[in-house]
Amino acid sequence: GFVKFFAQRYKMSKFTESQIEEYTKLFGSIGLEKNVVSNTIANPDVTNALVGVLQTADVTECDKKLGNLLYGVATKLPKSLENKRTTLTTYVADGRINSNQKLDAAVTYLKKLGLDEMDIADFEKNCGVGVEVTAEDIKATAKQIIDEKQEEIKKTRYRTPIGMLLLKARDLQPWADGKLMKEVLEGELADFLGPKTEEDLKPVTKQKKKAPKEAAKKTEEKKDAEPKKEKLSSIVGRDMFSSLNTKNLLEKRAAAGCDRILTRFPPEPNGYLHIGHAKAMRFDFTLATDTSGDCYLRYDDTNPEKENQEFIDSILDSVSWMGYKPWKVTFSSDYFQDLYDLAVELIKRGKAFVCNQTKAEMQKDRRDCRDSPYRTRSVEENLKMFEEMRAGKYEEGEVCLRMKVDMSHPNPCMRDPVAYRIKYVPHPHVGDKWCVYPTYDYTHCIVDSLEWISHSLCSLEFEIRR
């Protein structure tokens, strides 16, 4: 029944029932969860990649940890780097790359390397090959962190943000097992503080709102009294430990005058705000103010045909009515030139292409995990056509610019998403300067980066776009 369910649900996979049964058994034997197995079988390219990885590794059965790492080799490395997959598989199979941290570092290294020859010594150095972090190392690191932070911990006790401690741990032991480090840190914290007191067990009570002047005064006192630089680590996105910003990048951010938490409330000005916006607004603004940070109001205005000045004015009025004052009011369209220049840079790096497919053709190929026939255009031709798009030489819908990501990725959002499309509509904020407009998926993350946003808060329907 399980196999028939797969066969009915994944007709698009073009596998026979016997093949589905074979792959279900194989993928289950390496410890993959049922939902991961089903999603893999639904995608022929991912299935074939994983089968190839297992054949290279000479593995038909293994523990869950090794299975997940081999699955990561099959899914994280782009199709364009298949020539590097055998090498990476070998490193995982023989245990030289034995953690998600090392695998992510290896994939990042290989992506930057591209099609160039690999310097084995440099690769191994950047991926922590040969570096073994023992349980004793983790325990010693945890003790060191607790010792260094003991004065703060004595004040906050069991309400000490574990994310702050983990960030410090990552600096000291980048190749340590994150889950084990968290468990050991929690254990060391408990040993340091001893049994929880009655005060520790009390629920956190919200303070009553102060009068505006008094609240403002308290906020200023709080900003003066508390160091801001450690506030950045007080909230860490779940399951995103491997994606925390590097120490060097945080230092660069601080040097730019952004040494605190920065959030943004980013509505699209295509309608009036509703109750869902109120929830997002409160989350964005209060997280910032509660941690001595600041919050932007940013209009995510990438769809000029649906947006107008009435909605722009209404949104600002609603934010004020809710009692929030933005640190800055910005528009995604303020960055249109930056976004365009970055798109040109993507093309020059061979990471974006102009596509002539219709919307229906694009949807079908993305569904079937098949490359666009225009994906192999030369850099020179793509640059020329993208400039022609901006110059108005094509009709709406005739061409678009797509990012080269991974057409075999299990997350459909990663299958060469559109970055730019043509719209002959004047923009309510920047007028008629542009006829090519960036998409939400391309714009949102880049503008977050340009504005040094530390915490890009989204509700769960945006999870697949993280």
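Reference entry: report on the structure contained in this document. (Residues numbered from 1 in each chain as written. Predicted model: local features only at pLDDT ≥ 70, side-chain atom pairs only at ≥ 80, totals over all residues. Heavy atoms only, no water.)

## Quick word on the overall build of the protein
Now for step 1: The secondary structure content of the protein amounts to 21 helices and seven strands.
Now for step 2: Taking the contacts inside the protein whose residues are at least 6 apart along the sequence as the reference set, 71% of them involve residues at least 24 apart.
Now for step 3: Carbon and sulfur atoms make up 52% of the accessible area of the protein, which amounts to about 25,800 Å² in all. (Helix = DSSP H or I, 4+ residues; strand = E, 2+ residues; numbered from the N terminus. Contact = heavy atoms within 4.5 Å. Areas by Shrake-Rupley, 256 points an atom, 1.4 Å probe, with all protein chains shown as cover.)

## Comments concerning the nonpolar core
Now for step 1: Phe27, Leu88, Ile97, Leu110 and Phe123 are the most contacted members of the largest nonpolar core, which totals 39 residues.
Now for step 2: Ignoring sequence-local partners within four residues, the contact set of Phe123 consists of Leu88, Tyr91, Ile97, Ala106, Tyr109, Leu110 and Met118.
Now for step 3: Ala419, Tyr420, Ile446 and Val447 belong to the second largest nonpolar core, which has 25 residues in total. (Core = buried A, V, L, I, M, F, W, Y, C linked by side-chain atoms within 4.5 Å. Buried < 20%, exposed > 50% of the residue type's maximum accessible area, 1.4 Å probe, protein only.)

## Thoughts on the environment of Asp284
Now for step 1: Note that Asp284 resides in helix α16 (residues 275-290).
Now for step 2: The buried category is assigned to Asp284, whose relative accessible area is 3%.
Now for step 3: Separated by 174 residues in the primary sequence, Asp284 and Cys458 place their C-alpha atoms 9.2 Å from one another.
Now for step 4: Ignoring sequence-local partners within four residues, the contact set of Asp284 consists of Thr263, Arg264, Phe265, Pro266, Cys295 and Leu457.

## Topic: the side chain of Arg377
Now for step 1: Topologically, Arg377 is positioned in the loop between α19 (359-367) and α20 (379-390).
Now for step 2: Here the side chain of Arg377 touches Val354 through a polar contact of 2.7 Å, landing on its backbone oxygen.
Now for step 3: Other than its neighbours up to four places away in sequence, Arg377 contacts Val354, Cys355, Asn356, Asn382 and Met385. (Polar contact = N/O pair within 3.5 Å; in protein donor to acceptor, adjacent residues only side chain to side chain.)

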